[in-house]
Amino acid sequence: MNDTWLEVACELPSELADILAEYLAGVSGAGVCVENLNVDAFSPSEIAHSPLMTVKAYFSSADDMAARLAEISAFLDDLAAANPGAAIGKPAVTTVKSEDWSTSWKVNFKPLRVGRRLLIVPSWEEAEAGPDDIVLSLDPGMAFGTGGHETTRLCLEQLETVLLGRPAAPPPSVLDLGTGSGILAMAAARLGAGRICAVDIDPDAVEVARENMAINGLAERIECSATPLESLAGPFDVILANILAEELVRLAPQLSERLAQGGVLILSGILAEKEAFVRSGFAAQPLVYRETAHQGEWVAMLYSKDAAPA
Ligand SMILES: C[S@@+](CC[C@H](N)C(=O)[O-])C[C@H]1O[C@@H](n2cnc3c(N)ncnc32)[C@H](O)[C@@H]1O
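Residues numbered from 1 in each chain as written. Predicted model: local features only at pLDDT ≥ 70, side-chain atom pairs only at ≥ 80, totals over all residues. Heavy atoms only, no water.

Before going further, it helps to examine the overall build of the protein chain. When helices and strands are tallied, the protein chain shows 10 helices and 14 strands. Per-residue burial for the protein chain yields a buried fraction of 47% across its 310 residues. When contacts within the protein chain are restricted to residue pairs at least 6 apart in sequence, those whose partners lie at least 24 apart make up 68%. Of the roughly 14,700 Å² that the protein chain leaves accessible, carbon and sulfur atoms contribute 54%. (Helix = DSSP H or I, 4+ residues; strand = E, 2+ residues; numbered from the N terminus. Buried < 20%, exposed > 50% of the residue type's maximum accessible area, 1.4 Å probe, protein only. Contact = heavy atoms within 4.5 Å. Areas by Shrake-Rupley, 256 points an atom, 1.4 Å probe, with all protein chains shown as cover.)

The next thing to look at is the pairing of strand β7 (residues 134-138). With four of five residues buried, β7 is to be regarded as a mostly interior element. Bridge count between strand β6 (residues 118-122) and β7: five bridges; the pairing is parallel. Residue pairing across strands places L119 opposite V135, the latter belonging to β7. (Pairing = 2+ DSSP bridges.)

The residues that UniProt annotates with the feature "binding site: S-adenosyl-L-methionine" (unreviewed entry) are T152, G178, D200 and N242. The residue T152 is located in helix α5 (residues 150-164) in this model. By the secondary structure assignment, D200 is in the loop between β9 (196-199) and α7 (203-215). Here the side chain of D200 touches D202 through a polar contact of 2.8 Å, landing on its backbone nitrogen. (UniProt positions renumbered as here; feature names shortened; annotations may be inferred. Polar contact = N/O pair within 3.5 Å; in protein donor to acceptor, adjacent residues only side chain to side chain.)

Residues in close proximity to the ligand total 17 residues, the closest being T152, G178, D200, N242 and E247. Measuring from an oxygen atom of the ligand, one finds a side-chain N or O atom of N242 at 2.8 Å. Within the side chain of E247, one N or O atom sits 2.7 Å away from a nitrogen atom of the ligand. Across the complex, the protein chains shield 84% of the 610 Å² of accessible surface that the ligand would expose by itself. In the shell around the ligand, the residues fall into seven nonpolar, six polar and four charged. (Near = heavy atom within 4 Å. Nonpolar A, V, L, I, M, F, W, Y, C, P; charged D, E, K, R; others polar.)

Spatially, β10-β9-β8-β11-β12-β14-β13 is the arrangement adopted by the seven strands of the open sheet, whose pairing is mixed. If you trace the sheet from one side to the other, it starts and ends with β10 (222-225) and β13 (288-295), each paired once. Averaged over all pairs of adjacent strands, the angle between strand axes in this sheet comes to 15°, irrespective of strand direction. Sheet analysis places strand β8 (residues 174-177) next to β9, joined by four bridges and oriented parallel. (Axes fitted to C-alpha atoms, helices over the stretch in contact; angles between N-to-C directions.)

Next up on the list: the side chain of D176. Assignment of secondary structure puts D176 in strand β8. The buried charged residue D176 lacks any salt bridge partner; its closest oppositely charged side chain belongs to R210, at an N-O distance of 12 Å. In this structure D176 touches L184, A185, C197, A198, V199 and L240, once residues within four positions along its chain are discounted. (Lys, Arg positive; Asp, Glu negative; His and termini not counted. Salt bridge = Lys/Arg side-chain N within 4 Å of Asp/Glu carboxyl O.)

Our next topic: the packing of α5 against helix α6 (residues 183-190). At their nearest, the axes of α5 and α6 sit 10 Å apart, and the two run at 20° to each other. By the angle between their axes, α5 is roughly parallel relative to α6. The handedness of the crossing between α5 and α6 is right-handed. Where α5 abuts α6, its residues T152, C155, L156, L159 and L163 lie against I183, L184, A187 and A188. (Parallel < 35°, antiparallel > 145°, perpendicular 65-115°, else oblique. Left-handed = near helix turned anticlockwise from the far one by under 90°.)

Right, let's talk about the pairing of strand β12 (residues 259-271) for a bit. Most of β12 sits out of view: 11 of its 13 residues are buried. In the sheet, strand β11 (residues 236-242) pairs with β12 via six bridges, with the strands oriented parallel. Note that in β12 the partner of I239 across the bridge is L265. Taken together, the six bridges between β12 and strand β14 (residues 298-304) define a ladder with antiparallel strand orientation. What sits directly across from L267, in β14, is M301.

Overall, the coordinates contain nine salt bridges when judged by the stated rule. Ionic pairing is found between R166 and D237, a salt bridge with its closest N-O pair at 4.0 Å. With R166 in the loop between α5 and β8 and D237 in strand β11, the pair connects residues that are 71 residues apart, well separated along the chain. Residue D237 is classed as buried on the basis of its relative accessible area of 18%. For the salt bridge of E257 with R258, the shortest nitrogen-to-oxygen distance reads 3.9 Å. For R258, a relative accessible area of 9% translates into the label buried.

In structure tokens:
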């Protein structure tokens, strides 16, 4: 596995970010990300006018970077010529290392109790389970989601409360948006959900999630894929989304549209200071804000879509 990458980052006006990202995706073949420079200074009024973005692309350390940079610089010069006055920065190159997540998780990842009944056990360990425990065996690999992180715990606790508090029949359908290791989707399966759809934009995460689902005998129970939210057919009785606040707000209309009448939306991955930002980002949706749960510096927010009056 390639554990050293070269990151090429370029700052430019947000309206040009997609053009550069598309170009770099073609050149790099190894992945591109677009970061909002205002991400840490968000206020609801700033998000729509975020003036600058950083587009980052990743190249193998074996790549001929001098040639790549010359190509990228020529593309940026053309972009600048076509957009006079646009503040397009020079590309910056840094070396980044893939962290060996599997090793670091394995050191710190121990059997973990979450909520009332969930017991998350590393796939390489044995744990003594009580008769009512719902055991999930997990190897997070490079994907996020051992249950140890506050954002995951918040989701698992809320999911348990919501699913155990609903009538068992008909079994509720669940969407796990940003499944990572697959932990939330698998917990949903064990907590009695019906149709379960687990998706992630990261194909590596999808692979890890599928392996975990197989280890837990749940491969047939969960539809796991990299299908983007806009291509997913709903509605779902429960939607879990443990992704960042900015992405949640961006996806608010699509999440709301896919929530069934009487359904519950569990939003996580939100720093406490961004709760108001998410509240205002969801204010236009036909949803009812229910509550916010806190853990450390993180919060999870619950919304419901009230069933239409009979
Ligand atoms: C914080 S991890 C959550 C993992 C797991 N669900 C948990 O709760 O521990 C967020 C995951 O969401 C994925 N993600 C981010 N934005 C997404 C989007 N728009 N659609 C689908 N997946 C997304 C990331 O690739 C990442 O695997």
